[in-house]
Structure formats: structure tokens, C-alpha cells
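# An overview of the molecular structure
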Amino acid sequence: MDVCCHGWRWEDHIAMREEEERDRIQRAVASLEHTLGSRPEGWYCRTAPSLRTRRLLVEHGGFLYDSDAYNDDLPYWVQVGDRSHLIVPYTLCTNDSKFAPGRAFSTADSFFTFCKDALDALMQEAKATGRPKMMSIGLHPRLIGHPARIAGLWKLLDHMKSLGDQVWVCRRADIARHWHMLHPPVTSQIPAAPSVTGPRLLVTGGAGFVLSNLVRQWLHSDPTASAVIFDRAQAWDEQVDAFLGPFVREGRLAFFVGDVTDEESWQRLDASHGVAVPFTHAVAGAALTPTLDEERAAPADVLAINLQGVVRCLDWARSRRPALCRLVHISSDAVLGVDNLLPRRSATAMAAGPGCDEVPEMSLYALSKVAGEAATRRWRDNFGLDAVSVRFSDVYGHLDRDTGARNRHNAPYWICRKALRLEAQSSQERFRVAAGSLEEPCWDLIDAGSVARGLCTILRSASRPERSLYHLALGRTPTHREVLASALALRLQGWTRWERNGKVFYFNEVTNRIQEEPPLPDPPIKQGELEPGCPVSPSLAQFVQLASGSSTSEARMLDSFVELVDAAAVAANGDVCGDVDIRSLPPTHWLLQRPMDIEPTRAEFGWEPTPLREALAEYMEHLRGGLC
């Protein structure tokens, strides 16, 4: 949601006295912050602003932009006193206000045609000049929301969707952040590029989930270090800004918009960021992590970004020696899922004659990672490039969100969010586990913080790595019980074991939960003693009733935190999702047959993954703070 303040009441700021207008701005901001939990990031007067509105906004502080202007197709900076202030212009042209009586729009088609023509014209101009354009479409539920008008908006959205990546549908706050990051004012105290001279890192795909953690670790662990993220414009969103924005304002992080598959983008990168302070390290990490449906929809994109983007980065790195010390290619545990990387002879192939070998089945994602590892090895062997590939197991942690490049999530993502709802006692949900028991293994899970530490250690190692490939993983497949117990550490406090008349019951003083079976997963349990005449809560009174043996069938509470689901009912190739929180690996699964070996990483670099319980507790704390 774009929280943009539109005033305190339906009042004309142009007619207010200064103190009155200052008061209205303060009231409006406070009201939205109270209602929504966050303050507005932009401002747009209901009618014309006064001559002092912008000055009062800057004086109040906290605004990324205001939209009290109609004079341009792109944002621009103005000077307000000694401060630079961003203007994100608005329009009353492509605006449903023209549905008002006597104005331009009378039908849904007229609205659609008018807006479509404006969009198409702006796109043509952008292509001709090489400069992007911005289009604002003003919508009001009371106007566009009529049944006879809404079809025009549906058609317009379908037209935008058909244009794919040629258009970015976003909020004004997103545009403002993009402008602050990529086009800061000349007088700004925020440099457009890092100004320090320590080790300098380039990360393709660095605004994504895992690699944003790497960038943060790289900068946090060395105050002399700097970095440049090479990614799509849409990648720098509100979450990334909160996570990495402080380093931008320190002048140690810059964001470069480009296409990793395009040679011209790499030339622009060098021209804008690679001259004054050369890059010393690089990470080839731009990648699409598609679901099966996404792979089917855009198969060429997967191979172009995941493989061609790596090759471009490798060739760029080769030309940047000797300043560039090391490159790390980001691979995946998906490579281990390929039965055999060499062609195999099937009965059909052998019957067809010599040379008719079958290529092993693999997803395009796995194929791109296999080929990326091979390319990295060839650049290392043929050109002497100090380059290695690093495979991750399934990563969870800070900034895991839908990004467009990655829209799938793993078990910790779902489990930790459900655990938070249980902590707040706002849900009676149970964890759905596709397994026969909680002792069965799930995936090898690794937290993003451990991955970031490992990557930084490999990048900064003084000696050339001994191997061309390393693993960053937990190195084992934990049981469902261990994963759930780690996520539910707080919720599982307060259990007491009671015995009476030969029966055993378990009571939780935090949640008033009572049951006859041991709590799942396995929490710490105290031994309790029930004294005659002691005060009891309703649930404890129910325990007394159970313990005395009366009305057992009615009072029995067998609910627990876990619901076991028939694993056979879960699709073999389905992702863990909101329907099933965690699932077992079949006994023949490749990860059980060939676990990820972290011993070489441990022995050469001294790296250790954070223990699962500790890492999940940290992730839970991060989520409790309202972050993704």
C-alpha cells in the first residue's frame, strides 16, 4: 500500500494561515500513523498547495517526496532552504476524475483507450530517447468502482500485463526510493557511488533474498569495504531499503540498474562505477528460481539470466585482473538432484543403436546451475581466473519474500510465521506435516546469515582456494521434531507433567492447553504436584476432572501443535506451501543418498553453520520485529 497523505480534512491549504497549515500537516501525519501503524511517505494536497506547503513538509520531516506538481513525466529534485527535496509529479489527465459529469470519460472503453494511448506514446518516446518515462493513473473507488466503469481498468491492467518487463507497476514510494538511490541530487550528502577505498565487491542479483544478506555482512564486517549491487530496477524495494539503506547513506553502497545478459549494461557499469575505485571481488549471483509454472511460462529467461548472465560476469572478471582478486559463482543444491551428469544408456537408447544416449532429466534451473559450474571451472582452468562455485542447501532467513525472481518459500518460512500466530494466541492452527512421524527427515536447511558469513570468508581468503567447488549447508537433514521444536521454542515453554490415579496428563500454564499425550515437538517439561484444595484455572479444573477418571471422553483434548498428513497424498514434485508446512524426504531421495559435504569448507576456511535452533530463534526474533 502506498501511504501518501492527502490532508487532514477536505480543506484548501491555499487559504490557510501558516500556523494553521503546520497544524493540519501534523494532524494528518499522526492520524495515518495511528491508523496504519506507519507514517505517510509522501504528500499530495487535496487541492492546490499554498506557497509555503512544501517548506512546511520539509520542516516537518520524514517525507520521501511530494506530488504537488503536474509539470513533468519524471521525478526531479528541488532545493527547499538547505535541503534537497524530491518531487514525484502527478497528473489529472489519466485520471478517473474525468468520469465526473461533463468531463472527458463517459464509458469504460473511453477510459481504457485514453490511458492505453498515453502509455503507448510514453513507451515509444522512452525507446526513441533511451530514457524511461513515468505515468500516473489516478483512481478513486467512488469513481472507477462503478460496475459500468471498472471493466476499463481491467482492460488496462491486462494491457500492462501483456507488456511484461517493459513496464514497472509500482507505488510512488517505490519510484521515490528508486530515485533517491539511483539519481540523488547533486548537492546531496549521499554519494551516488561508494567513496571508500577498501575492498570493493560487485554482486549481480544483490538485492535478492540471499545475496542482500551477503552485501550486509560484507559491509558490516569491514568499515572500509564498499559494494555495488547490479540488479533490476524493481529489485530495490522497501524491504531492501530498510535492510541496506543505511550503507547507502554512508556512501559505501551503490545500486546499478542493468541487464546481466547485456554487454552494454556491463560497459555502463564500468563507466559509472569501475574507474575511480576498481572492484576487488565479485559474485555472479543473478538468477531466477522459478516454480514449474514459471519455468514453463518463460524457459528462455531462466537460461539467459542464470547461465548467460554468469558467462558475462566471468568474462568481465577476466578483463579486470589483477585488481579483481576473486569471483564466486552462486550455484545450488539442485545440481545434486541430477541422477547422473553423464549421459546414460536406457533400453530404448541401446535398441536404437550406438550413440543414442539419454540426457538425465533435470529442471532448467538445475541445468543452468550445472552449466554455470562448468563455465566457472573452464574460466578458472583456461584463463587462470581465481573463481569458485558455491552450492547452498535450502536457505531461509531475513528478507525472504516474493521478488519476482524468487517466489517460492521453504518450510522455515511457513513454520516461523505460523509459530508467531500461535505465540500471539491469535490462531488455533496446527502444523501440517506430510510424514508418517516427526522422526522422519526433512530438507537440509541453512540460514541466510551462515551463508553470508561463508561467502565473505571464501571471498576474503588470502590464499587461492584449493577447490573449484564448496558447499554451504547444515550438512545433515534434521527431523521434523527438531525443526518444529526450534521454531516453537517460546510457545513450548510452561509445560508441566502431572500424574494422578495412575493417569499422566500435560498442562501448559501459558496457553491453558491440556492433553494426555506428550506435547509435540519435544519441549522441556516440569514435574507437577496437585495439592488438595489448591486454586485452579478452568483448564486445570478440567485436568482434575480428567485425573479423577470422570467424563474422560468428553473432556479429553488430544489437539496438539501438529497434524500428520498422508505423505502419499502430497504431489511428489510439489513445493512446500501454506497447505503443507513441512514434508519428509523419501528414503531414496538424493539428499539422503548424497548429503551435502561441508567438511572441505570447514577444514579450509574454518566456517561453521549456526546451529539450527539458534538460527531459527534469530529468524523468529527478526519476524517479531515486523520485518520479512
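Residues numbered from 1 in each chain as written. Predicted model: local features only at pLDDT ≥ 70, side-chain atom pairs only at ≥ 80, totals over all residues. Heavy atoms only, no water.

This part takes up the overall build of the chain. When helices and strands are tallied, the chain shows 21 helices and 21 strands. Accessible area for the chain stands at about 29700 Å²; split by element, carbon and sulfur atoms hold 53% of it. (Helix = DSSP H or I, 4+ residues; strand = E, 2+ residues; numbered from the N terminus. Areas by Shrake-Rupley, 256 points an atom, 1.4 Å probe, with all protein chains shown as cover.)

In this section: the side chain of Ser331. Relative to the helices and strands, Ser331 is located in the loop between β10 (326-330) and α12 (347-352). Relative accessible area serves as the criterion here: at 3%, Ser331 is assigned to the buried category. Among the polar contacts made by the side chain of Ser331, one reaches the side chain of Glu373 at a distance of 2.6 Å. Excluding anything up to four places from it in sequence, Ser331 contacts Lys369, Glu373, Val390, Arg391 and Phe392. (Buried < 20%, exposed > 50% of the residue type's maximum accessible area, 1.4 Å probe, protein only. Polar contact = N/O pair within 3.5 Å; in protein donor to acceptor, adjacent residues only side chain to side chain. Contact = heavy atoms within 4.5 Å.)

If you walk across this open sheet you meet the three strands as β20-β13-β21, and the pairing is parallel. Edge positions in the sheet fall to β20 (562-565) and β21 (582-583), since each of these pairs with one other strand and no more. Pairing of strand β13 (residues 431-434) with β21, which is carried by two bridges, proceeds in the parallel orientation. Along β21, the bridge assignment pairs Val433 with Ile582. (Pairing = 2+ DSSP bridges.)

Strands sit in the order β8-β7-β6-β9-β10-β11-β15 across an open sheet of seven strands; the sheet is parallel. This sheet does not close on itself; its edge strands, each paired only once, are β8 (253-257) and β15 (469-472). Adjacent strand axes in the sheet meet at a mean angle of 20° when their direction is disregarded. For strand β6 (residues 200-204) and strand β7 (residues 226-231), the ladder comprises five bridges, and the chain directions are parallel. Bridge assignment links Leu201 to a residue of β7, and that residue is Ala227. Each of β6, β7 and β8 is contacted by helix α9 (residues 263-273), which is oriented at about 150° to β8, the strand it contacts most. Sheet contacts for helix α11 (residues 299-318): β6, β9 (281-284) and β10; angle to β10, the most-contacted strand, approximately 175°. (Axes fitted to C-alpha atoms, helices over the stretch in contact; angles between N-to-C directions.)

The subject of this paragraph is the pairing of β7. Of all six residues in β7, six are buried; the element is thus mostly enclosed. The side-chain alternation of β7 yields two buried faces, one formed by Ser226, Val228 and Phe230 and the other by Ala227, Ile229 and Asp231. For the crossover that starts at β6, traverses helix α7 (residues 209-220) and ends in the parallel β7, the hand is right-handed. Strand direction decides the pairing type here: β7 and β8, joined by five bridges, are parallel. (Right-handed = clockwise from strand over helix to strand, strands pointing away.)

The next subject is the packing of helix α1 (residues 18-36) against helix α2 (residues 53-60). In the contact formed by α1 and α2, the axes pass within 10 Å of each other and the chain directions differ by 50°. One finds that α1 runs oblique with respect to α2. Judged by the sense of rotation from one axis to the other, the crossing of α1 with α2 is right-handed. Here α1 contributes Glu18, Glu21, Arg22, Ile25, Gln26 and Val29 to the contact with α2, which in turn contributes Thr53, Arg55, Leu56, Leu57, Glu59 and His60. Of the residues that constitute the contact of α1 with α2, the class distribution is four nonpolar, three polar and five charged. (Parallel < 35°, antiparallel > 145°, perpendicular 65-115°, else oblique. Left-handed = near helix turned anticlockwise from the far one by under 90°. Nonpolar A, V, L, I, M, F, W, Y, C, P; charged D, E, K, R; others polar.)

With 19 residues, α1 should cover 27 Å at 1.5 Å per step; its first-to-last C-alpha distance of 27 Å lies within 8% of that length. The complete set of buried residues in α1 reads Glu21, Arg22, Arg24, Ile25, Ala28 and Val29. The buried residues of α1 occupy an angular sector of 160° when projected down its axis, which confines them to one face. Among the exposed residues of α1, those pointing more than 90 degrees away from its buried face are Glu19, His34 and Thr35. As for α1, its buried residues are in contact with β1 (4-5), β2 (42-43) and α2. Directly beyond the C-terminal end of α1, a positive phi value near 85° is found at Gly37. (Expected span 1.5 Å × (residues − 1). Arc of directions from axis to C-beta.)

This next bit is on the environment of Leu182. Considering the arrangement of structural elements, one finds Leu182 in helix α6 (residues 172-182). In this structure Leu182 comes out as partly exposed when scored by relative accessible area, which is 21%. As a C-alpha pair, Leu182 and Phe255 span 73 residues in sequence and 6.5 Å in three-dimensional space. If near-sequence neighbours (up to four positions away) are discounted, Leu182 is found in contact with Phe255 and Val257.

A word on the pairing of strand β5 (residues 83-87). Alignment of strand β4 (residues 76-80) against β5, held across five bridges, turns out to be antiparallel. Bridge pairing in β5 places Val80 opposite Arg83. Between β4 and β5, which pair antiparallel and follow one another directly, the connecting turn spans two residues, one of which, Gly81, has a positive phi of 65°.

Another point: the environment of Gln166. Examined against the element boundaries, Gln166 turns out to sit in the loop between α5 (147-162) and α6. Sequence-wise, Gln166 and Pro132 are 34 residues apart; in three dimensions their C-alpha atoms are separated by 10.0 Å. Of the polar contacts made by the side chain of Gln166, one reaches the side chain of Lys127; its length is 3.2 Å.

As a further point, take unusual backbone geometry. Across the junction of Arg321 and Pro322, the peptide omega takes the value 5°, indicating a cis bond. Along the chain, Pro322 falls in the loop between α11 and β10. A positive phi angle, close to 75°, is found at Leu399, a residue other than glycine. Inspection of the secondary structure puts Leu399 in the loop between β12 (394-396) and α14 (411-423). Leu399 gets classed as buried once you look at its relative accessible area, which sits at 3%.

Summarising the element assignment, His589 is placed in the loop between β21 and α19 (590-593). Classification of His589 as buried rests on a relative accessible area of 14%. A distance of 2.9 Å separates a polar atom in the side chain of His589 from the backbone nitrogen of Leu591.

Overall, the coordinates contain 32 salt bridges when judged by the stated rule. Two residues, Arg55 and Glu18, come together in a salt bridge whose shortest N-O distance is 3.2 Å. On the criterion of sequence distance, the pair formed by Arg55 in helix α2 and Glu18 in helix α1 is long-range, its members being 37 residues apart. In this structure Arg55 comes out as partly exposed when scored by relative accessible area, which is 36%. Exposure remark for Glu18: the relative accessible area of 28% places this residue in the partly exposed category. A salt bridge links Glu59 to Arg22; its shortest N-O distance comes to 2.6 Å. Of the two residues, Glu59 sits in helix α2 while Arg22 sits in helix α1, which places them 37 residues apart along the sequence. Judged by relative accessible area, Glu59 falls into the partly exposed class, the value being 45%. When salt bridges that share partners are traced, they join Glu11, Glu20, Asp23, Arg24 and Arg27 into one network. (Salt bridge = Lys/Arg side-chain N within 4 Å of Asp/Glu carboxyl O.)

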